[in-house]
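The primary structure of each chain is shown beneath.
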Amino acid sequence: MMSKNDSKRQVILESAYRLFRAQGFDGTSMADITSQVGGSKATLYSHFSSKEELFVECMMTALQNYMSDTLKHLDASRSDPQAALRNFGTSVLNFICSSEQVEVRRLMIAEAARSGTGKLFFDKITALRAQISSFLAACMASGLLRRDDPDLAADHLGALLEAEVLEPLLLHVREAPPAEEETALAARRAVAAFLRAYAPAAAAAKVPTGPHAYLRSLPPYDL
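Conventions we followed
- Residues numbered from 1 in each chain as written.
- Predicted model: local features only at pLDDT ≥ 70, side-chain atom pairs only at ≥ 80, totals over all residues.
- Heavy atoms only, no water.
- Helix = DSSP H or I, 4+ residues; strand = E, 2+ residues; numbered from the N terminus.
- Buried < 20%, exposed > 50% of the residue type's maximum accessible area, 1.4 Å probe, protein only.
- Contact = heavy atoms within 4.5 Å.
- Areas by Shrake-Rupley, 256 points an atom, 1.4 Å probe, with all protein chains shown as cover.
- Phe/Tyr/Trp six-rings, centres within 6.5 Å; stacked < 30°, edge-to-face > 60°.
- Lys NZ or Arg CZ within 6 Å of the ring centre and 35° of its normal.
- Axes fitted to C-alpha atoms, helices over the stretch in contact; angles between N-to-C directions.
- Parallel < 35°, antiparallel > 145°, perpendicular 65-115°, else oblique.
- Left-handed = near helix turned anticlockwise from the far one by under 90°.
- Nonpolar A, V, L, I, M, F, W, Y, C, P; charged D, E, K, R; others polar.
- Salt bridge = Lys/Arg side-chain N within 4 Å of Asp/Glu carboxyl O.

With that settled, consider the overall build of the protein chain. Helix and strand counts for the protein chain stand at 13 helices and zero strands. The 223 residues of the protein chain split such that 39% are buried. Sequence separation of at least 24 residues holds for 67% of the intrachain contacts in the protein chain that already meet a minimum separation of 6. Only carbon and sulfur atoms are counted for the fraction: they give 56% of the accessible area of the protein chain, which is about 11,700 Å².

Put into structure tokens, the structure is as follows:
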């Protein structure tokens, strides 16, 4: 059962999140948030040391809640990283390409330079990435992926997943979120590229010669 202190913190986060999305960072004051949740500014500051910290926590809460379930895909079957990464990737894309999360991402980018907000957000993302890195490190240790820096590999995976569909949404090139069939296909292609890049050393050593040799050397991960 949630404690009274945790319950109050949750109410603050939910109220602040609605206000930040509706009014932006500049348009939302700590006084506005206090009037929504009741109590005093002192109570608000006892939970969050600054408006910047509260803003980042608001933006991260939905992501952290969602990712706690999404990351379970990476524990499902370490013997089949392709299936685990595809399921993970599809789930991630369905979330980050939703209208609400695209709006949140735009808001975070717009406020990144303000009082260390960008660094606070990056630190939170890095903590989440560590769980993905752990899965990739286990795959590397078992020989399913070639040995490399798992943190860098996690960054590469994230970039590949976002490559097809996210930027057009952020830049208003397209307005409607992609259907699940599109995100599933984008995830399949991203994971296929990732697994080719991190193929085990034994597979990478079988490099043919002649025209298009590099392409023929890639392991046959299905699209």
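So that's the structure; there's more coming.
A separate point is the packing of aromatic side chains. Overall, the coordinates contain four aromatic pairs when judged by the stated rule. Arranged with centres 5.2 Å apart and planes meeting at 85 degrees, the rings of Phe 25 and Phe 55 form a pair that is edge-to-face. With Phe 25 in the loop between helix H1 (4-23) and helix H2 (30-37) and Phe 55 in helix H4 (residues 51-70), the pair connects residues that are 30 residues apart, well separated along the chain. Both residues of the pair, Phe 25 and Phe 55, count as buried. Taken together, the aromatic side chains of Phe 20, Phe 25 and Phe 55 make up a single cluster linked through ring pairs. Just above the ring of Phe 25 sits the side chain of Lys 51; from NZ or CZ to the centre is 4.2 Å.

This paragraph deals with the packing of H4 against helix H6 (residues 81-96). Close contact between H4 and H6 brings their axes to 10 Å; oriented N to C, the two are set at 160 degrees. As far as their axial angle goes, H6 and H4 are roughly antiparallel. Considering how the two elements wind past one another, H4 and H6 form a crossing that is right-handed. Contacts between H4 and H6 involve Ala 62, Leu 63, Tyr 66, Met 67 and Thr 70 from the former and Phe 88, Ser 91, Val 92, Asn 94 and Phe 95 from the latter. Residue composition of the contact of H4 with H6, by class: seven nonpolar, three polar and no charged.

Under the defined criterion, the tally for this structure stands at eleven salt bridges. Across the pair Glu 57 and Arg 9 runs a salt bridge whose closest N-O atoms are separated by 3.7 Å. Of this pair, Glu 57 sits in helix H4 while Arg 9 sits in helix H1, and the two are 48 residues apart along the sequence. Residue Glu 57 is classed as buried on the basis of its relative accessible area, which comes to 10%. A residue is classified by how much of its surface remains accessible, and Arg 9, at 25% relative accessible area, is partly exposed. Of the charged contacts, one joins Arg 146 and Asp 148 as a salt bridge, the two residues approaching to 2.4 Å between their closest N and O atoms. The partly exposed category is assigned to Arg 146, whose relative accessible area is 26%.

Let's shift gears to the environment of Ala 186. When you line up the elements, Ala 186 lands in helix H11 (residues 180-197). As for Ala 186 and Val 165, which are separated by 21 residues in sequence, their C-alpha atoms are 7.7 Å apart. Not counting residues up to four positions away in its chain, the partners in contact with Ala 186 are Leu 93 and Glu 164.

Bringing the environment of Leu 185 into the picture now. You can see Leu 185 is positioned in helix H11. Leu 185 sits in the partly exposed class, given a relative accessible area of 37%. For the pair Leu 185 and Arg 86, spaced 99 residues apart in sequence, the C-alpha to C-alpha distance is 9.2 Å.

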